[in-house]
Amino acid sequence: MKKQFLEVGQIVSTHGIKGEVRLNPWCDSPAFLKQFKTLYFDNAGEKSVGVVSARPHSNIVILKLENVDTIEQAQALKNKVLYINRSDAKAGTVFVQDLIDCQVRDAETDVLYGKIKNVSENPANNIWHIVNDNDEEFLFPAVKPFIEKIDTDNGEILIKPIKGMFTAAEEIRDEN
């Protein structure tokens, strides 16, 4: 079951004297958080806070939250984790946590390569760690030309790998 409220980062310090905070984002980019007008201090969505402004600053996000107007109020939020409501994200957004344990199949042959067990961030693109039933791990570049369909609701991803990406799995496919 997909979580409704997702962690997006942790407040690591204050910024200035007017209540702004520095958030270490746990999402694709600091700019991703600019789309949200409400964030949450809990994973149940019970403690919401309005976002007055959000701006990327290097690899962090400078946030101005409602009713946080002094450095003392901002300091009290240090180390707090912030959440988003997945319903507030743009349609079509795929979250890493939803990819975990999805089956990965060949779009042309229907060969099952394994399940995604981890996702690593890379400057160029994310890398999916796909593990098969023999505990072999394959590193797959998550780029559009190789991805046919992502269906996290049904836990399945169809890919178009190039020759050599799944050497052991290709040998099984060639035997069939």
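Residues numbered from 1 in each chain as written. Predicted model: local features only at pLDDT ≥ 70, side-chain atom pairs only at ≥ 80, totals over all residues. Heavy atoms only, no water.

Asks: Just checking my understanding: could you explain the overall build of the chain for this structure?
Replies: A tally of regular secondary structure across the chain gives 3 helices and 12 strands. Since a compact globule built from 176 residues should have a radius of gyration of about 16 Å, the 20 Å found for the chain marks it as more spread out than a globular shape. Sequence-distant contacts in the chain: of pairs separated by 6 or more residues, those separated by 24 or more amount to 51%. Surface accessibility of the chain: about 10400 Å² in total, with carbon and sulfur atoms responsible for 45%. Each charge class in the chain can be summarised by its mean position, and for the 21 positive and 27 negative side chains these summaries are 10 Å apart. (Helix = DSSP H or I, 4+ residues; strand = E, 2+ residues; numbered from the N terminus. Rg over C-alpha atoms; globule rule 2.2 N^0.38 Å. Contact = heavy atoms within 4.5 Å. Areas by Shrake-Rupley, 256 points an atom, 1.4 Å probe, with all protein chains shown as cover. Lys, Arg positive; Asp, Glu negative; His and termini not counted. Charge placed at Lys NZ, Arg CZ, Asp CG, Glu CD.)

Asks: It is not clear to me how the sheet that holds strand E7 (residues 103–106) should be interpreted in this structure. Could you clarify?
Replies: Pairing between the strands of a sheet comes from backbone hydrogen bonds, and it takes one of two forms, parallel or antiparallel. Across the sheet, which stays open at both edges, the 6 strands sit in the order E10-E9-E8-E7-E12-E11 with mixed pairing between neighbours. Of all the strands in the sheet, just strand E10 (137–141) and strand E11 (147–151) have a single pairing partner and so form its edges. The average undirected angle you get between the axes of adjacent strands in this sheet is 30°. Examined bridge by bridge, E7 and strand E12 (residues 156–159) share 4 bridges and lie parallel to one another. Considered in E12, the bridge of aspartate 106 is made with isoleucine 159. (Pairing = 2+ DSSP bridges. Axes fitted to C-alpha atoms, helices over the stretch in contact; angles between N-to-C directions.)

Asks: Whenever I open this one, the pairing of E7 confuses me. Can you help?
Replies: Strand residues, when the strand is regular, have side chains that alternate between the two faces of the sheet. Judged from the 3 bridges that link them, E7 and strand E8 (residues 112–120) form a sheet pairing that is antiparallel. Residue pairing for E8: arginine 105 is matched across the bridge by leucine 112. Taking the residues between adjacent antiparallel strands as the criterion, E7 and E8 are bridged by 5 residues, where aspartate 110 takes a positive phi near 70°.

Asks: How should I be thinking about unusual backbone geometry in this particular structure?
Replies: Outside of glycine, negative phi angles account for most residues, and trans bonds account for most peptide bonds. For asparagine 79, which is not glycine, the phi dihedral falls at a positive 75°. Note that asparagine 79 resides in the loop between helix H1 (71–75) and strand E6 (81–85).

Asks: I'm lost on the packing of aromatic side chains in this one. Help?
Replies: A ring pair, where both rings are aromatic, is described by two values, the distance of the centres and the angle of the planes. A full pass over the atoms with the stated rule returns 7 aromatic pairs. Consider the rings of tyrosine 113 and phenylalanine 166, whose centres lie 4.0 Å apart with planes at 15°: the pair is stacked. A residue pair is termed long-range when its members are at least 10 positions apart, and tyrosine 113 in strand E8 and phenylalanine 166 in the loop between E12 and helix H3 (167–175) qualify at 53 residues. (Phe/Tyr/Trp six-rings, centres within 6.5 Å; stacked < 30°, edge-to-face > 60°.)

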